[in-house]
Amino acid sequence: MENNENEIQNNSNAGNDNGFTQGSDPFANVNNNGYTQAPNNGYNMNGQPMGNPYGQPPQEQGGQGMAIAGMVLGIISLVCCCSGYFALVIGIVGFVLSLIVLVQKKPGKGMAIAGIICASIAVITILALMMIGRSVSTDELQRMLQEIQNAQ
């Protein structure tokens, strides 16, 4: 019996007589307690990446935050487009933030596009309202108000 055990041990140490090759020792990471330690290469014991549940790709937070900010500022400027310069400044900042996200190809492309659309519509509307407001002179405005009062 001892001879058979010694032959098996000698054959396993002899090499690859069975045609299979093994790249490295599977027990190289066994500690004194008999438990296998996971290699420290970013993967767990099953060969799956650690810290990444369900196989989701890692996302950068910086670009997505800028995309959210650009979209929110574009929506706010669109809602407040009658407030004048305040909405104009907010719309321009939202447009710039959203454009930066698209140019640098950061995550949040859809939100950046929505921010660009909302901000550009708001800025165009604000500029058109300002041009219309400046084209009406105070004399004409007073004449129109006088006509309204006379009609009543």
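Quick caveat: nothing in here was measured; it's all calculated off a predicted structure.

> Talk me through the overall build of the protein; I want residue IDs and the actual numbers.
A count of helical and extended segments in the protein gives five helices and zero strands. Element order for the protein, N to C, with α for helix and β for strand: α-α-α-α-α. The proportion of buried residues among the 152 residues of the protein is 16%. Long-range pairs, those at least 24 residues apart, make up 59% of the contacts in the protein between residues at least 6 apart in sequence. Of the roughly 11800 Å² of accessible surface on the protein, a fraction of 58% belongs to carbon and sulfur atoms.

> For the nonpolar core, give the residues involved together with the corresponding values.
Judged by nonpolar contacts, Cys81, Ala87, Leu88, Val123, Ile126 and Met130 together constitute the single largest core of six residues. Within the residue set of this core, elements represented by two or more residues are α3 (85–103) and α4 (109–135). Sequence-distant contacts of leucine 88, that is, excluding residues within four places in its chain, are made with Val123, Ile126, Leu127 and Met130.

> Would you mind going over the confidence of the model for the protein in detail, with residue names and values included?
On average, residues of the protein score 76 in pLDDT, and 59% of them are at 70 or above. Mean pLDDT in the protein bottoms out at helix α1 (residues 2–14), which sits at 52, and peaks at α3, which reaches 94.

> Go over the packing of α3 against α4 with me, naming the residues and quoting the values.
At a minimum axis distance of 8 Å, the contact between α3 and α4 shows a crossing angle of 150°. By the criterion of interaxial angle, the relationship of α3 to α4 is roughly antiparallel. The hand of the α3/α4 crossing is left-handed. Contacts from Tyr85, Ala87, Leu88, Gly91, Ile92, Gly94, Phe95, Ser98, Leu99, Val101 and Leu102 of α3 reach α4 at Lys109, Ala112, Ile113, Gly115, Ile116, Ala119, Ser120, Val123, Ile126, Leu127, Met130 and Arg134. Class assignment of the residues belonging to the contact of α3 with α4 gives a composition of 16 nonpolar, five polar and two charged.

Cut-offs applied
Residues numbered from 1 in each chain as written. Predicted model: local features only at pLDDT ≥ 70, side-chain atom pairs only at ≥ 80, totals over all residues. Heavy atoms only, no water. Helix = DSSP H or I, 4+ residues; strand = E, 2+ residues; numbered from the N terminus. Buried < 20%, exposed > 50% of the residue type's maximum accessible area, 1.4 Å probe, protein only. Contact = heavy atoms within 4.5 Å. Areas by Shrake-Rupley, 256 points an atom, 1.4 Å probe, with all protein chains shown as cover. Core = buried A, V, L, I, M, F, W, Y, C linked by side-chain atoms within 4.5 Å. pLDDT = per-residue confidence, 0-100. Axes fitted to C-alpha atoms, helices over the stretch in contact; angles between N-to-C directions. Parallel < 35°, antiparallel > 145°, perpendicular 65-115°, else oblique. Left-handed = near helix turned anticlockwise from the far one by under 90°. Nonpolar A, V, L, I, M, F, W, Y, C, P; charged D, E, K, R; others polar.

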